[in-house]
Amino acid sequence: TLDIFFLNSCILTRDQGLSYYRCMQTIRRMELKADQLYKQKIIRGFCHLYDGQEACAAGIEAGIERTDHVITAYRAHAFTYTRGVSVREILAELTGRQGGVAKGKGGSMHMYAPHFYGGNGIVGAQVPLGAGIALACQYQGNGQICVALYGDGAANQGQLFETYNMAALWKLPCVFVCENNRYGMGTSVERAAASTDYYKRGDFIPGLRVDGMDVLCVREATKFAADHCRSGKGPILMELQTYRYHGHSMSDPGVSYRTREEVQEVRSKNDPISLLKERMLSNNMASAEELKEIDGEIRKEVDDAAQFATSDPEPPLDDLCKYIYHNSPPVQVRGTNPWAKLQSVSSS
Amino acid sequence: QGSFIDALVVLQMMVRDALNQAMDEELERDERVFLLGEEVAQYDGAYKVSRGLWKKYGDQRIIDTPISEVRAGLRPICEFMTFNFSMQAIDQVINSAAKTCYMSAGFQAVPIVFRGPNGSSAGVAAQHSQCFAAWYAHCPGLKVVSPWNSEDAKGLLKAAIRDDNPVVFMENELMYGVPFEMSEEALSKDFVLPIGKAKIERPGNHVTLVSHSRCVGHCLDAAAVLAKEGIECEVINLRSIRPMDTDAIEASVMKTNHLVTVEGGWPQFGVGAEICAKIMEGPAFNYLDAPVTRVTGVDIPMPYAKILEDNSVPQIKDIIFSIKKTLNV
């Protein structure tokens, strides 16, 4: 068992504050831009937006090292950003252009970066993979850890419990993070789980419950969890209590299973960016003008990125059979009809 | 003046030992390679394929797992006790392994081998007897390999381990204990067979037999019987189901004008069905003197009673019968 852990105080420097503010605001504006592009039908297919949950992605990145590893599910744009991919490359991937981070081959749910394994479309499947990454860290003795995220919906999946068992048995350096945004698609947690104490669902794995709207809480909890893993104590579980303003995806208005009032209440009382902003202003860590200037810079960055994402060409048809395999001789690929004989080109 | 006789040193090796040797050599060669699966370590493997490896390489490299999973920047060999159990993990094989290189535009390669016994065994009944060749070979992004003899087993497993892509490596439980000659070349540490190339096990002019895994042996047995009647069968051992060596099949059919496919799996949407489609779409079609014949497992869940089980899979007499029908003799 762990000692009871309450976050009473931590240190926030001005630089850190500005950096977290910039990070969260960029994510916010990027996601809202994606919303806009989707409604203009420039983005198609699945698009699961993260606005409201920014403190989770920003706080986790602040609590780990660049060399640590992160894997998450399909609500992944924010983590793609915090792990180092530009807004430009993210938006261009959403619009399916060759300048996208996956060259238009992946789309919203399949973006990757060094030490970031996506972006995974099958609910819960990323969690066993996360444990595997942690196994690799342990195997290689490099002191790195893996943060494996999942939602309140995935928390009831069988493969998570198999993963908890193995991670605990082998003391894998894995931080399991449940981003509890209260709804799995349209099903509230009360209707989905016999126990909504997601931080306890790891059973023999110690768990923390964290205010996921407060970037500092998330950061400190993440540091604690990372230290726990790095010191060889095995896995740990963190439940981040958070909220998404959008529906499950762009096809979901998000108001048939919850009230507009509820969404409004969170926005006005608990918005992660406002919380940080107020904290910084009331502690004289930054001026309102300064933050406004940052907002302006971000707006420009996101607008430029959107401009790129709408003007960059789509991938050439030659890309159809590229990257089926890695480091492999070309194979013939059957096209739509017997006379359409295509050749694969592997990555290397 | 002495006389020197060149003695051809030939060693007999069972398929399971060839697989063991392949893994041993590759574990030694690359420390990123490791083996995980149910009972592979302390139990020496459910079918003893991994015997001795845990003693030699220890807990870090040979891992007993409670059940299916994982990959990372390492090169895992993931053993399924049988491919029937792979269905528990099939989402990971297809959606996490097969598709990732493509979805990431080549950024994230998945160098993993999924291996284990596939297809029918003896008396293990319906849930433990299915052939998954067609299911896995259906999916782009995977390579699917099906060795027959010890040389296949060793050379193809080494190739699979060295391949930077997810390879489904389908063994056969009934073949584990069968000894085959191994040439000196095959015994060397660098003996690697190319994935995607078939082998002509027996040349012939009258009919092409295409098969994989255990049925290759049945085809050779049928060919031996028919040779006495003056019918010369060309027996092709596919070795790879995906990519499949279509060129080899076509070249053979263009010579023999007759094609019979033989597999243990079910007929619908199976390996033979795919070969038929490929032949129809290619140059060899015009050389056929008869439609292609498929010899397959019976389209039923595998029964338990021996007499029923024996009659659920292609027997040598079924192959002979089908060849004669195809040749109209």
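Every chain is numbered on its own, with residues counted from 1 as its sequence reads. As a convention, the first chain written is A and the first ligand written is 1, with the rest following in written order. Per-residue local features of the predicted model are confined to residues with pLDDT of at least 70, and side-chain atom pairs are confined, for both listing and counting, to 80 or more; whole-chain, interface and lining totals are unaffected and use all residues. Hydrogens are left out, water is left out, and the side-chain values use all remaining heavy atoms of the structure.

On to the overall build of chain B, then. In terms of helices and strands, chain B carries 12 helices and 14 strands. Each radius of gyration is computed over the set of C-alpha atoms, and the globule rule expresses the reference value as 2.2 Å times the number of residues to the power 0.38. For 329 residues, the compact-globule formula gives about 20 Å, and the C-alpha radius of gyration of chain B, at 20 Å, lands near that figure. By its C-alpha atoms, chain B is 65 × 60 × 45 Å across when sized along the principal axes. Three labels apply to residues, based on accessible area from a 1.4 Å probe with only protein chains included: buried if under 20% of the type maximum, exposed if over 50%, partly exposed otherwise in between. Residues classed as buried in chain B amount to 58% of the 329 residues present. Residue contacts are counted whenever heavy atoms from the two residues lie within 4.5 Å of one another. Residue pairs at least 24 apart in sequence account for 82% of intrachain contacts in chain B once pairs closer than 6 positions are excluded. Of the roughly 13900 Å² that chain B leaves accessible, carbon and sulfur atoms contribute 54%. Within this scheme the basic residues Lys and Arg register as positive and the acidic residues Asp and Glu register as negative, but His and the chain ends are omitted. To locate a charge, take NZ of a lysine, CZ of an arginine, CG of an aspartate or CD of a glutamate. Separation between the mean location of the 31 positive side-chain charges and that of the 42 negative ones in chain B comes to 0 Å. Helix and strand definitions here come from DSSP, where helices need a minimum of 4 consecutive H or I residues and strands a minimum of 2 consecutive E residues; each element is numbered from the N-terminal end. Computed with a 1.4 Å probe, the accessible areas rest on the Shrake-Rupley method; for each residue, only the protein chains presented here act as cover.

Aromatic rings from Phe, Tyr and Trp, with only the six-membered ring used for Trp, were paired whenever their centres fell within 6.5 Å, and each pair was classed as stacked if the ring planes differed by under 30 degrees, edge-to-face if by over 60, and tilted otherwise. Per the stated rule, a full pass over the model turns up 13 aromatic pairs over all chains. Between A:Tyr139 and B:Phe34, the ring centres sit 5.2 Å apart and the planes meet at 45°, which makes this aromatic pair tilted. You can see A:Tyr139 sitting in helix H5 (residues 126-140) and its partner B:Phe34 sitting in strand S2 (residues 33-37), one on each of two chains. Overall, the relative accessible area of 2% leaves B:Phe34 in the buried class. Seen from their ring centres, B:Tyr47 and B:Tyr176 are 5.8 Å apart, and the 40° between their planes marks the pair as tilted. Placement of the pair is B:Tyr47 in the loop between S2 and helix H2 (53-61) and B:Tyr176 in the loop between strand S7 (167-171) and strand S8 (179-182), with a sequence separation of 129 residues. Residue classification places B:Tyr176 among the buried residues on the basis of a relative accessible area of 1%. Ring pairs connect the aromatic residues B:Phe80, B:Phe83, B:Phe114, B:Phe132, B:Trp135 and B:Tyr136, which therefore count as one cluster.

This part is about helix H6 (residues 158-169) of chain A. By this rule, a helix spans an expected 1.5 Å times one less than how many residues it contains. With 12 residues, H6(A) should reach 16 Å at 1.5 Å per residue; the first-to-last C-alpha distance of 17 Å fits that figure. Buried residues of H6(A): A:Gln159, A:Leu160, A:Thr163, A:Tyr164, A:Met166 and A:Ala167, and no others. Next to the buried residues of H6(A) lie H5, strand S2 (146-151), strand S3 (174-180) and strand S7 (236-241) of chain A together with helix H3 (90-98) of chain B. A:Lys171 lies just past H6(A) and shows a positive phi near 50°.

All names here are of chain B. A residue-level look at chain B finds 95% of positions with pLDDT of 70 or above and a mean pLDDT of 92. For residues 67-71, every residue scores under 50 in pLDDT, and the model assigns this stretch 24 contacts once sequence neighbours within four places are set aside. Here the predicted complex scores 0.90 on pTM and 0.88 on ipTM. pLDDT is a residue-level measure of predictor confidence that goes from 0 to 100.

On to the interface of chain A and chain B. Chain A puts 38 residues into the contact, and the matching count from chain B is 41 residues. Defined here as a combined quantity, buried area equals the accessible surface (1.4 Å probe) lost by two parts on assembly, summed across both. Around 3300 Å² of area is buried between chain A and chain B when both sides are counted, 62% of it from carbon and sulfur atoms. Among the residues chain A hides against chain B, the three largest losses belong to A:Tyr112, A:Tyr139 and A:Tyr325. Together they make up 23% of the total. We define a salt bridge as a side-chain nitrogen of Lys or Arg found within 4 Å of a carboxyl oxygen belonging to Asp or Glu. Here chain A and chain B share one salt bridge between them. Between B:Glu281 and A:Arg334 there is a salt bridge; the shortest N-O distance is 2.4 Å. In protein, a polar contact means a hydrogen-donor-capable atom and an acceptor-capable atom, both N or O and within 3.5 Å, with residues adjacent in sequence counting only if both atoms are side-chain atoms; elsewhere, any N or O pair within 3.5 Å suffices. Connecting chain A to chain B are 14 residue pairs in polar contact (both at pLDDT 80 or more). Put simply, the parts of the chain that give the side of chain A that touches chain B at least two residues each are H5, H6 and strand S8 (322-326) of chain A. For the side of chain A that touches chain B, the element with the most residues is H5(A), which contributes eight residues.

This brings us to unusual backbone geometry. That bond from B:Arg242 to B:Pro243 is cis: its omega, -5°, falls within 30 degrees of zero. Here B:Pro243 is to be found in the loop between strand S12 (240-242) and helix H9 (246-256). Residue A:Asn284 is not a glycine yet carries a positive backbone phi of 55°. Among the structural elements, A:Asn284 can be located in the loop between helix H10 (272-282) and helix H11 (288-311). The exposure class assigned to A:Asn284 is exposed, which follows from its relative accessible area of 71%.

Bringing the UniProt feature "domain: Dehydrogenase E1 component" (unreviewed entry) in chain A into the picture now. UniProt positions are given in the numbering used here, feature names are shortened, and annotations may be inferred rather than shown by experiment. The positions that UniProt labels "domain: Dehydrogenase E1 component" (unreviewed entry) are, in the present scheme, residues 24-316 of chain A. The distance separating the terminal C-alpha atoms of residues 24-316 of chain A is 34 Å; by composition the span is 45% helix and 11% strand.

Right, let's get into the packing of helix H1 (residues 14-39) of chain A against H11(A). Axes are the key here: two packed helices are described by the angle between their axes and the distance separating the axes. Residues and elements named next belong to chain A. Running from N to C, H1 and H11 cross one another at 40°; their axes reach a closest spacing of 9 Å. By the criterion of interaxial angle, the relationship of H1 to H11 is oblique. Crossing geometry of H1 relative to H11 is assigned as right-handed. Contact with H1, carried on its side by Arg14, Leu18, Tyr21, Arg22, Gln25, Thr26, Arg29, Met30, Lys33 and Leu37, involves Glu290, Leu291, Ile294, Asp295, Glu297, Ile298, Glu301, Val302, Asp303, Ala306 and Thr310 of H11 and no other residues of that element. Between the N-to-C directions of two axes lies an angle of 0 to 180 degrees, each axis being a line fitted to C-alpha atoms and, for a helix, fitted only over the stretch in contact. Geometric relationships in this document are graded by angle, where less than 35 degrees denotes roughly parallel, more than 145 denotes roughly antiparallel, 65 to 115 denotes roughly perpendicular, and other angles denote oblique. Crossing handedness: left-handed means the near helix sits turned counterclockwise from the far one by under a right angle, and right-handed means the same turn made clockwise.

Turning our attention to the sheet that holds S2(B). Residues and elements named next belong to chain B. Criterion used throughout: strands pair if DSSP finds at least two bridges between them. With mixed pairing, the seven strands of this open sheet are ordered in space as S3-S2-S4-S5-S7-S6-S12. Looking at strand neighbours, the two that pair on one side only are strand S3 (62-64) and S12, the edges of this open sheet. Neighbouring strand axes in the sheet, compared pairwise and without regard to direction, differ in orientation by 20° on average. Sheet topology places strand S5 (residues 113-117) next to S7; five bridges connect them, and they run parallel. Note that in S7 the partner of Phe114 across the bridge is Val168. Together, S2 and S3 form the strand contacts of H2, whose direction differs from that of S3 by roughly 75°.

We now examine helix H12 (residues 316-327) of chain B. Residues and elements named next belong to chain B. Between its terminal C-alpha atoms H12 stretches 17 Å, which fits the 16 Å expected from 12 residues at 1.5 Å a residue. Those residues of H12 not exposed but buried are Ile319, Ile320, Ser322, Ile323, Thr326 and Leu327. The arc that holds every buried residue of H12, seen down its axis, measures 165°, which confines them to one face. Seen from the buried face of H12, the exposed residues on the opposite side, beyond 90 degrees, are Lys317, Phe321 and Lys325. Against strand S10 (207-211), helix H8 (214-227), strand S11 (233-237), strand S13 (259-262) and strand S14 (293-295) lie the buried residues of H12. Backbone geometry just after H12 places Asn328 at a positive phi near 60°. The reported arc concerns the directions from the helix axis to the C-beta atoms and nothing else.

What follows deals with the pattern of salt bridges. Applying the stated criterion to the full structure yields 42 salt bridges over all chains. In this structure, A:Glu297 engages A:Arg22 in a salt bridge whose closest nitrogen and oxygen atoms are separated by 2.7 Å. Taken together, the residues A:Glu297 in helix H11 and A:Arg22 in helix H1 connect sequence positions 275 residues apart. Relative accessible area serves as the criterion here: at 38%, A:Glu297 is assigned to the partly exposed category. One continuous salt-bridge network, built from bridges that share partners, spans B:Glu25, B:Glu26, B:Arg29, B:Lys154, B:Lys158, B:Arg162 and B:Asp190.

Grouped together as the largest cluster of nonpolar side chains are 69 residues, with contacts concentrated most on A:Tyr150, A:Phe176, B:Tyr136, B:Leu142, B:Val168, B:Ile249 and B:Ile275. The greatest single-element share of this core, amounting to eight residues, is contributed by H5(A). Excluding residues that lie within four positions of it along the chain, B:Ile249 makes contacts with B:Val210, B:Ile236, B:Leu238, B:Met244, B:Leu259, B:Ile275 and B:Ile279. Grouped together as the second largest cluster of nonpolar side chains are 68 residues, A:Tyr50, A:Val70, A:Cys217 and A:Met250 included. Throughout this description, the term nonpolar core refers to a set of buried Ala, Val, Leu, Ile, Met, Phe, Trp, Tyr and Cys residues connected via side-chain atoms within 4.5 Å.

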